[in-house]
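Read off the chains here:
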Amino acid sequence: MFAKAFRVKSNTAIKGSDRRKLRADVTTAFPTLGTDQVSELVPGKEELNIVKLYAYKGDAVTVYVSGGNPILFELEKNLYPTVYTLWSYPDLLPTFTTWPLVLEKLVGGADLMLPGLVMPPAGLPQVQKGDLCAISLVGNRAPVAIGVAAMSTAEMLTSGLKGRGFSVLHTYQDHLWRSGNKSSPPSIAPLALDSADLSEEKGSVQVDSTLQGDMRHMILEGEEENGEAHQACEEKSLSEAPEDTSTGGLNQDSTDSKTLQEQMDELLQQCFLHALKCRVKKADLPLLTSTFLGSHMFSCCPEGRQLDIKKSSYKKLSKFLQQMQQEQIIQVKELSKGVESIVAVDWKHPRKGSFLEGSEVRTIIINYAKKNDLVDADNKNLVKLDPILCDCILEKNEQHTVMKLPWDSLLTRCLEKLQPAYQVTFPGQEPIVKKGKICPIDITLAQRASNKKVTVVRNLEAYGLDPYSVAAILQQRCQASTTVTSAPGAKDSLQVQIQGNQVHHLGWLLLEEYQLPRKHIQGLEKAPKPGKKK
């Protein structure tokens, strides 16, 4: 509601009668507040203003401002607390927890989806559809948003935590928050949990090394009429790759972290693309979809694996082929009633933009080399370079001099040609994939003009951490001043600065509480040695 700037209609001091009415309304709307708490929230003598405004979508809203901060707002005769009020009364509303990375989406005007919820050990709070709720972040009970439940707790659990959970009305960092003193959320410890439950609730950030690129384009693209290439695609198992082949440190067990359904989806697409490249010719079209599956896709399944469409997310071949048609790889038509055929194939479809893990690149390269008889007959450690591989990996001055490459060199060169990317996964959320290399959280010490040391930490946002929240937590724990400023030389990135050498406190927060992998944090060695002054 306040994701964009609003227009103020009027701003007037509250009358005595309106002040008394507001107190009565607060007591009715929030019965858990005691008399003293209501008096604190709506003071008897301190300045209290009524601001009438129009939200960017045209909603007429009445805001009550005390001490320069908006404390309540009224919409369609319903009274809502702001985050400033909830920081003083964190138990005023039933509170649901989400991950720091989600806050950015909420501030931008998004609703909170159920997959983003963190399931606490004691279970979700019990609410009914339409109930007003608070939303906090993992590790801090201070609410950062309020919203209305789109369904009851029972319905949330029945849905498997899928779908829209809350219609968000107001958030920390939105324009209503900005109309106040712009303070950060206080650090309020989560309700007491035993250590095992606490670590489970916090979860961890899993950063996978993923490769994005044109490998499918470079390896799979070829002349559609190249009959020799089709004949060369004789069935051989991937398991025939030489055992002493170096894979350049690639993880061969990356599928272990994927669900069986995800693995089957990948196998389905692999067999589909392999069948089009190595089995189907232009002269075979139109081709019955049932024939394509039975005679071509099944025979392209790697040895030791079984293609079962029912175990994929598509469940039916027709649904999968519809998806491939939407991606403009093939065209499917019903040439006779109830019988579908593939009538066209875009043989030069680029197949770019997909993300590949290192092990997938290895599989594609080895598969291509073996299917096209490129493994040197005299030395299994060498791969002969055909025109496609030459174009992919060789420099211009190598085109006529390099005829073979060792396996490790071939794989390394292919990986170097791809654009790097990374994937950050939070429990309960879809993985977030971004291009480029992920920068580690950078901790440095700096000397200011006053000869005092300060601790500076950058790149928190890449790991789903809100710099303002981190600053608030460190300010309380270190009992030192903190500031959040723009990071020099980095667009749209913030840095947190804490007075003194606070690397020890920062390391504990990142490693123990947020469970970040140590390899993605640099500067931890700058912590003060025992017995030395900070």
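Structure: above.
If you're wondering where the values come from, they're calculated on a predicted model, not measured in any experiment.

## As for unusual backbone geometry
Excluding glycine, residues mostly have negative phi values, and the peptide bonds linking residues are mostly trans.
1) Next: Cis geometry is found at the peptide bond from L285 to P286, where omega equals -5 degrees.
2) Next: Positionally, P286 belongs in the loop between α10 (260–278) and β12 (287–288).
3) Next: Of note, D373 is a non-glycine position whose phi angle comes to about 55 degrees, a positive value.
4) Next: Relative to the helices and strands, D373 resides in the loop between α13 (358–371) and β16 (382–384).
5) Next: The phi dihedral of N459 falls on the positive side, at around 70 degrees, and the residue is not glycine.
6) Next: Tracing the sequence through the fold places N459 in the loop between β21 (453–458) and α16 (467–478).
7) Next: On the basis of relative accessibility, which here comes to 21%, the residue N459 falls in the partly exposed class.

## Quick word on the environment of S313
1) Next: Within the secondary structure layout, S313 lies in the loop between α11 (289–297) and α12 (317–326).
2) Next: Under the relative-accessibility criterion, S313 is labelled partly exposed at 30%.
3) Next: Once the C-alpha coordinates of S313 and D265 are considered, the two residues, 48 residues apart in sequence, prove to be 6.6 Å apart.
4) Next: Those residues in contact with S313, other than ones at most four positions away along the chain, are Q261, D265 and K319.
5) Next: In this structure the side chain of S313 is engaged in a polar contact, spanning 2.7 Å, whose partner is the side chain of D265.

## Concerning α11
1) Next: When α11 is considered as a whole, its buried residues turn out to be T289, F292, L293, H296 and M297. Buried residues of α11, seen end-on, are gathered within an arc of 115 degrees and therefore sit on one face of the element.
2) Next: On its buried side, α11 packs onto α10, β12, α12, β13 (330–336) and β14 (339–345).

## Observations concerning the sheet that holds strand β5 (residues 78–81)
1) Next: Read across the open sheet, the five strands follow the order β1-β2-β3-β4-β5; overall the sheet is antiparallel. This sheet does not close on itself; its edge strands, each paired only once, are β1 (7–13) and β5. Neighbour-to-neighbour, the strand axes of this sheet turn through a mean angle of 25 degrees, independent of strand direction.
2) Next: One ladder, built from five bridges, connects strand β3 (residues 60–66) with strand β4 (residues 69–75); its direction is antiparallel. Note that in β4 the partner of V63 across the bridge is F73.
3) Next: Sitting on the sheet, helix α1 (residues 16–29) touches β2 (48–54), β3, β4 and β5, and the angle it makes with β5 is about 80 degrees.

Cut-off values and rules
Residues numbered from 1 in each chain as written. Predicted model: local features only at pLDDT ≥ 70, side-chain atom pairs only at ≥ 80, totals over all residues. Heavy atoms only, no water. Helix = DSSP H or I, 4+ residues; strand = E, 2+ residues; numbered from the N terminus. Buried < 20%, exposed > 50% of the residue type's maximum accessible area, 1.4 Å probe, protein only. Contact = heavy atoms within 4.5 Å. Polar contact = N/O pair within 3.5 Å; in protein donor to acceptor, adjacent residues only side chain to side chain. Arc of directions from axis to C-beta. Pairing = 2+ DSSP bridges. Axes fitted to C-alpha atoms, helices over the stretch in contact; angles between N-to-C directions.

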